[in-house]
Amino acid sequence: MSPADLAAAFRARFGAAPRLFQAPGRINIIGEHTDYCGGFVLPAAIDRWCRVAAAPNGRATLRVASATLGEQAELDLAAMARRGDWTDYVAGVAATLLRAGVPVAGADLLIESDVPMGAGVSSSAALEVAVTLALLALAGRSADGRQVALWAQAAENDFVGVPCGIMDQFASANGVAGGAVMLDCRSLEATPAHLPEGATFLLVNSMAERRLASGEYRARREDCEAAAAVLGVASLRDVGAADLPAALARLDGGPARRCRHVVSENARVLAAMKAMAMGDLPGLGRLMDQSHQSLSEDMEVSLPALDSLARIARATPGVHGARMMGGGFGGCVIALVDQDRADAAMAAIQAAYGEAIGRVPDAFLCRTVGGAAEVRP
Ligand code: GLA
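Rules behind the numbers
- Residues numbered from 1 in each chain as written.
- Predicted model: local features only at pLDDT ≥ 70, side-chain atom pairs only at ≥ 80, totals over all residues.
- Heavy atoms only, no water.
- Pairing = 2+ DSSP bridges.
- Helix = DSSP H or I, 4+ residues; strand = E, 2+ residues; numbered from the N terminus.
- Axes fitted to C-alpha atoms, helices over the stretch in contact; angles between N-to-C directions.
- Contact = heavy atoms within 4.5 Å.
- Expected span 1.5 Å × (residues − 1).
- Buried < 20%, exposed > 50% of the residue type's maximum accessible area, 1.4 Å probe, protein only.
- Arc of directions from axis to C-beta.
- Domains from an automatic or database assignment.
- Buried area = accessible area lost by both parts, 1.4 Å probe.
- Salt bridge = Lys/Arg side-chain N within 4 Å of Asp/Glu carboxyl O.
- Polar contact = N/O pair within 3.5 Å; in protein donor to acceptor, adjacent residues only side chain to side chain.
- Near = heavy atom within 4 Å.
- Areas by Shrake-Rupley, 256 points an atom, 1.4 Å probe, with all protein chains shown as cover.
- Nonpolar A, V, L, I, M, F, W, Y, C, P; charged D, E, K, R; others polar.

Sheet strands associate in pairs through backbone hydrogen bonding, adopting either a parallel or an antiparallel arrangement. Strand order in this open sheet of six strands is β5-β4-β6-β3-β1-β13, and the pairing throughout is mixed. Each having just a single partner strand, β5 (71-76) and β13 (373-375) make up the two edges of the open sheet. Across the sheet, the mean angle from the axis of one strand to that of its neighbour is 30°, orientation sign disregarded. Of the strand pairs in this sheet, strand β3 (residues 43-56) and strand β6 (residues 107-113) are connected by seven bridges, and their pairing is antiparallel. The residue bridging V52 from the neighbouring strand is I111, located in β6. Contacts from helix α1 (residues 3-14) reach β1 (19-28), β3, β4 (61-66), β5 and β6, with the element oriented near 140° to β6. Against the sheet, helix α5 (residues 167-174) touches β1 and β3, its axis set at about 125° to β1.

As structure tokens, then:
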């Protein structure tokens with residue numbers, strides 16, 4: 001739906017002229033399961049958007065409607081409670097902003113999104129960030145992209161109850177058109193990175209049901225915290241590559257493997273920045289392959305379906321490297337592919353993986369975009 005169509009749909013439903021806000025989904029080139037350890041990530045915002053049309057309604061409630069799902073609900077600003085559905089992201093943002101002293105007042109919101117859901121491209125972060133911008137603007141306030149990301153993450157952590165890191169919300173709020181952003185998740189210092197010339201990123205959905213995702217994610221995070229506690233550091237970010245052998249000697253089992261993943265993955269993000277700066281596509285591709293292996297063997301967040309999809313992608317002409325993306329247990333594989341062979345590679349991977357799973361997987365090529373903003377209807 002275009003911004004103009006969304007504004008028209010808002011007028012038809014609520015009888016007022018809205019302001020419009022949009023926030024993108026994201027890919028992550030490399031740096032997985034490092035954000036909640038204070039480590040490095042290298043995400044980019046992509047041209048899939050969650051849009052929110054919003055106007056004050058003079059009530060003490062948020063009337064929220066999803067054009068995507070065809071659902072509407074009314075949320076009481078004085079008694080925000082979890083309902084166990086998509087409206088929790090909206091309520092969570094309102095509750096977080098109210099707690100931060102933002103005078104959130106009654107409003108109508110119509111939401112529409114083409115960020116694929118359940119594919120690991122952060123449809124929920126896009127929703128949180130778009131709603132944060134909308135409620136802030138209606139309250140006559142503004143904030144920088146860093147603060148917007150922190151509020152959106154707090155909504156997810158404290159209200160929705162998912163202990164995610166900062167990567168998704170930060171990428172959605174602070175994307176750079178035509179590039180990626182390396183984020184130091186401890187200092188929140190962001191360094192823009194140019195995408196390599198002549199190559200693009202392809203996403204192929206494993207179509208695997210993400211059954212284990214939330215419980216296992218929490219368990220991995222707890223393993224990382226347990227490892228940091230044994231080592232006497234604030235987070236695994238404080239363990240450098242040179243300290244790894246000594247650290248591993250003091251850890252066992254899950255926490256040891258998680259530590260090896262986080263330390264090696266942080267080093268891979270820094271190496272990926274160098275490879276991108278030098279236009280070294282094979283080098284960047286190799287780092288992505290190594291990231292997958294580490295996520296599969298040490299972080300233990302892959303699935304046979306993701307391993308097989310990544311293997312198929314790597315064997316496809318034009319592909320420099322491929323890995324599972326996001327929290328794991330489903331979602332997409334991201335592949336670095338030569339621009340001029342991208343369409344053929346996508347079709348070949350869809351055919352080969354489709355044969356293995358008995359249906360054609362969703363796939364798309366990404367264009368990277370700037371972060372969340374208000375837009376004209
Ligand atoms: C999910 C979380 C992020 C990050 C990734 C793994 O996408 O929302 O914060 O931890 O998993 O890198």
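Look at α1: 16 Å from first C-alpha to last across 12 residues, which is about the 16 Å you get at 1.5 Å a residue. Those residues of α1 that sit buried are L6, A7, F10 and F14. The buried side chains of α1 occupy one side of the element, clustering within an arc of 100° when seen end-on. Looking at the buried residues of α1, the elements they touch are β1, β3, β4, β5 and β6. Trailing α1 by a residue or two, G15 shows a phi angle of about 70°, which is positive.

On to the sheet that holds strand β2 (residues 40-41). The three strands lie next to each other as β2-β7-β8, forming an open sheet whose pairing is antiparallel. The sheet terminates laterally at β2 and β8 (189-194), the two strands that pair on one side only. As paired strands, strand β7 (residues 179-184) and β8 are joined by six bridges and run antiparallel to one another. Paired with V181 across the bridge in β8 is P192. Sitting on the sheet, helix α8 (residues 253-277) touches β2, β7 and β8, and the angle it makes with β8 is about 40°.

When the parts of a complex come together, some accessible area is lost, and that lost area is often used as the size of the interface. You can read the domains of the protein as domain 1 (3-192 + 369-375) and domain 2 (196-366). Taken together, the contacts link 34 residues of domain 1 with 40 residues of domain 2. Roughly 3,100 Å² is buried in total at the junction of domain 1 and domain 2, and carbon and sulfur atoms are behind 66% of that figure. The largest share of the area that domain 1 buries against domain 2 comes from I30, E32 and H33, three residues that together contribute 22% of it. Here domain 1 is connected to domain 2 by three salt bridges. Along the contact surface separating domain 1 from domain 2 lie 19 residue pairs in polar contact (both at pLDDT 80 or more).

To continue, consider the side chain of S66. Among the structural elements, S66 can be located in strand β4. For S66, a relative accessible area of 4% gives the class buried. There is a polar contact of 2.8 Å between the side chain of S66 and the backbone nitrogen of L69. Discounting chain neighbours no more than four positions away, the residues touching S66 are E71, W86, L110 and I111.

It is worth spelling out the site of the ligand at this point. Taken together, R26, E32, H33, D35, Y36, C164, G165, M167, D168, Y217, G326 and G327 make up all the residues around the ligand. In the environment of the ligand, an oxygen atom lies 2.7 Å from a nitrogen or oxygen atom belonging to the side chain of E32. One of the side-chain N or O atoms of D168 is found 2.6 Å from an oxygen atom in the ligand. In isolation the ligand exposes 300 Å². Once the protein is present, 91% of that is buried. A breakdown of the residues in the shell around the ligand according to their chemical character gives four nonpolar, four polar and four charged.

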